[in-house]
Amino acid sequence: MDFLVTGGTDGVGRAITRHALAHGHRVMAVGHTAEKGDAWLAEAAQAGAADRAVFFRADLRLVTENTRTLDAVRGWTDRVDRLVLCAQRYQTRIGHTAEGLERNFALSYLSRFLLSFGLLPQLRAAGASLVVNVCGTGTPVGRLRWHDLQFTSGGRGFQALMQAARATDLLGVAFAGHPPTGGLPFVLYNPDVVRTNLQREIDQPWRMLAAVTLALRGKPVEEGVRPLLRLLADPPTAALTAFRAAQEIDLQGRRYARSYRPSDAQRLLEETNRLLVRLGHPELGAR
Ligand SMILES: NC(=O)c1ccc[n+]([C@@H]2O[C@H](COP(=O)([O-])OP(=O)(O)OC[C@H]3O[C@@H](n4cnc5c(N)ncnc54)[C@H](OP(=O)(O)O)[C@@H]3O)[C@@H](O)[C@H]2O)c1
């Protein structure tokens, strides 16, 4: 099978790519840092998988870099069996990309939107394919700031981080409800608390809170990805499922009523299409 794994050079993504290479699959890993990519390629070569491993360096916070990634994937394969979206960098201070987008929104949501909808032909060509959005699903906090999704008029960094978490959940709902995806399974997967580098750029007091949580509940990455490896080997048949580790989340449950609301998902999809038009990329919208 052909795997595309964003954030495949570290943490959860690296555990997935290692496992996929060890099982004879072809893997393209996308990451931001060239050194990590080189290390990942060296490890693949040592494991005898050099001819099946490709690293692509991109800053997925930028729309232009996502289009470059889409082109690279299309040049590498005409089928994507497993699309695993892991690239992440939590930011607790408001900041914007060179394209003017709030950074959490750009990486946790928009990049994942662009890659999952953008690779639909390749996912469909693969037949029994699967998209996995590795995120914090099952944490019913965070609101969409509909009047100012990019936090251009200020706001708090933590709100932006939580907005992105909500948006990436809604991406799953939008993808599953979008007729052209034809019921292609999309999984929202939360590895729960695993020991990775993810928290390294967050500010106090969140950094302290994360350190305590990791110390009390942090699992090794290999343990956190085990249920995900099972899902990758044997995908669910439903168009949308969500898991926190091995525990399936009841998407209809009252506790999560706001997290996965179809009307919000549709509204966000339409806002995203409009945003892409404003950015000069109407062709990247989901229609
Ligand atoms: N760790 C946890 O406890 C936990 C809990 C719940 C959910 N999750 C979710 O699990 C997923 C994976 O997180 P992780 O813990 O594995 O994080 P991680 O160890 O920090 O790995 C993040 C990966 O994303 C890449 N990346 C970051 N910014 C990028 C950019 N702008 N463009 C391209 N690639 C970029 C990193 O590459 P570089 O280092 O080269 O930038 C790295 O390969 C995330 O979506 C996260 O929300 C994790």
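Residues numbered from 1 in each chain as written. Predicted model: local features only at pLDDT ≥ 70, side-chain atom pairs only at ≥ 80, totals over all residues. Heavy atoms only, no water.

**Focus on the packing of aromatic side chains**
Alright, step 1. One pass over the full model with this rule turns up seven aromatic pairs.
Alright, step 2. Aromatic pair Phe117 and Phe175: ring centres 5.2 Å apart, planes at 45°, arrangement tilted. In this pair, Phe117 sits in helix α4 (residues 103–118) while Phe175 sits in helix α6 (residues 157–177), placing the two residues 58 residues apart along the sequence.
Alright, step 3. Residue classification places Phe175 among the buried residues on the basis of a relative accessible area of 0%. (Phe/Tyr/Trp six-rings, centres within 6.5 Å; stacked < 30°, edge-to-face > 60°. Helix = DSSP H or I, 4+ residues; strand = E, 2+ residues; numbered from the N terminus. Buried < 20%, exposed > 50% of the residue type's maximum accessible area, 1.4 Å probe, protein only.)

**Thoughts on the state of the cysteines**
Alright, step 1. This model, assessed by the stated rule, comprises zero disulfides.
Alright, step 2. Between Cys86, a free cysteine, and Cys135, which holds the nearest cysteine sulfur, the sulfur-to-sulfur gap is 9.9 Å. (Disulfide = S-S within 2.5 Å.)

**Focus: the pattern of salt bridges**
Alright, step 1. Here the structure, examined in full by the defined rule, presents 15 salt bridges.
Alright, step 2. Of the charged contacts in the structure, one is a salt bridge between Asp192 and Arg244, with a shortest N-O distance of 3.4 Å. One end of the pair, Asp192, is in the loop between β6 (186–190) and α7 (206–217); the other, Arg244, is in strand β7 (residues 240–244), with 52 residues separating them in the sequence.
Alright, step 3. You can call Asp192 partly exposed: its relative accessible area is 23%.
Alright, step 4. Residue Arg244 is classed as partly exposed on the basis of its relative accessible area, which comes to 30%.
Alright, step 5. For Glu271, the salt bridge goes to Arg274, with nearest N and O atoms at 3.7 Å. Placement of the pair is Glu271 and Arg274 together in helix α9 (residues 262–278), with a separation of three residues, close to one helical turn.
Alright, step 6. Assessed through its relative accessible area of 43%, Arg274 is described here as partly exposed.
Alright, step 7. A single salt-bridge network, built from bridges that share partners, covers Asp10, Arg14 and Lys36. (Salt bridge = Lys/Arg side-chain N within 4 Å of Asp/Glu carboxyl O.)

**Regarding the pairing of strand β3 (residues 53–57)**
Successive residues of a regular strand alternate their side chains across the two faces of the sheet.
Alright, step 1. Sheet topology places strand β2 (residues 26–31) next to β3; five bridges connect them, and they run parallel. Of the residues in β3, the one forming a bridge with Gly31 is Arg57. (Pairing = 2+ DSSP bridges.)

**Here's the deal with the site of the ligand**
Alright, step 1. Near the ligand lie 31 residues; those nearest to it are Thr33, Lys36, Arg89, Val134 and Thr196.
Alright, step 2. Take Arg89: an N or O atom from its side chain is 2.7 Å from an oxygen atom of the ligand.
Alright, step 3. One of the backbone N or O atoms of Val194 is found 2.9 Å from an oxygen atom in the ligand.
Alright, step 4. Against a free-state accessible area of 900 Å², the protein chains account for coverage of 97% of the ligand.
Alright, step 5. At the level of secondary structure, the elements contributing two or more residues to the shell around the ligand comprise α1 (11–22) and α4.
Alright, step 6. Along the lines of polarity and charge, the residues of the shell around the ligand split into 13 nonpolar, ten polar and eight charged. (Near = heavy atom within 4 Å. Polar contact = N/O pair within 3.5 Å; in protein donor to acceptor, adjacent residues only side chain to side chain. Areas by Shrake-Rupley, 256 points an atom, 1.4 Å probe, with all protein chains shown as cover. Nonpolar A, V, L, I, M, F, W, Y, C, P; charged D, E, K, R; others polar.)

**A look at α4**
Alright, step 1. A maximum bend of about 35° is found in α4 at Leu110.
Alright, step 2. For α4, the buried fraction is high: 16 of the 16 residues fall into the buried class. (Bend = angle between axes of the 7 residues up to and from the residue.)

**Describing the nonpolar core**
Alright, step 1. If you look at the biggest cluster of nonpolar residues, it comprises 55 residues, and the most contacted ones within it are Leu110, Phe113 and Leu268.
Alright, step 2. Of the residues forming this core, the biggest block, nine residues, is contributed by α4.
Alright, step 3. Listed in part, the 29 residues of the second largest apolar core include Val12, Val221, Leu228 and Phe243. (Core = buried A, V, L, I, M, F, W, Y, C linked by side-chain atoms within 4.5 Å.)

**Here we look at the sheet that holds strand β5 (residues 130–134)**
Alright, step 1. The eight strands lie next to each other as β3-β2-β1-β4-β5-β6-β7-β8, forming an open sheet whose pairing is mixed. A strand with exactly one partner marks an edge of an open sheet, and here the two such strands are β3 and β8 (247–248).
Alright, step 2. Contacting β2 and β3, helix α2 (residues 34–46) crosses the sheet at an angle of about 180° to β3.
Alright, step 3. Sheet strands touched by helix α3 (residues 63–76): β1 (2–6), β2 and β3. Its angle to β2, the strand with the most contacts, is close to 165°. (Contact = heavy atoms within 4.5 Å. Axes fitted to C-alpha atoms, helices over the stretch in contact; angles between N-to-C directions.)

**Details of unusual backbone geometry**
Alright, step 1. Here the amide bond leading from Gln204 into Pro205 is cis, since omega sits at 5°, within 30 degrees of zero.
Alright, step 2. Position of Pro205 among the secondary structure elements: in the loop between β6 and α7.
Alright, step 3. Within the chain, Asp192 stands out as a residue other than glycine whose phi angle is a positive 70°.
Alright, step 4. Positive phi, close to 50°, is recorded for Ala245, a residue that is not glycine.
Alright, step 5. Tracing the backbone through its elements, the reader meets Ala245 in the loop between β7 and β8.
Alright, step 6. With a relative accessible area of 15%, Ala245 lands in the buried category.

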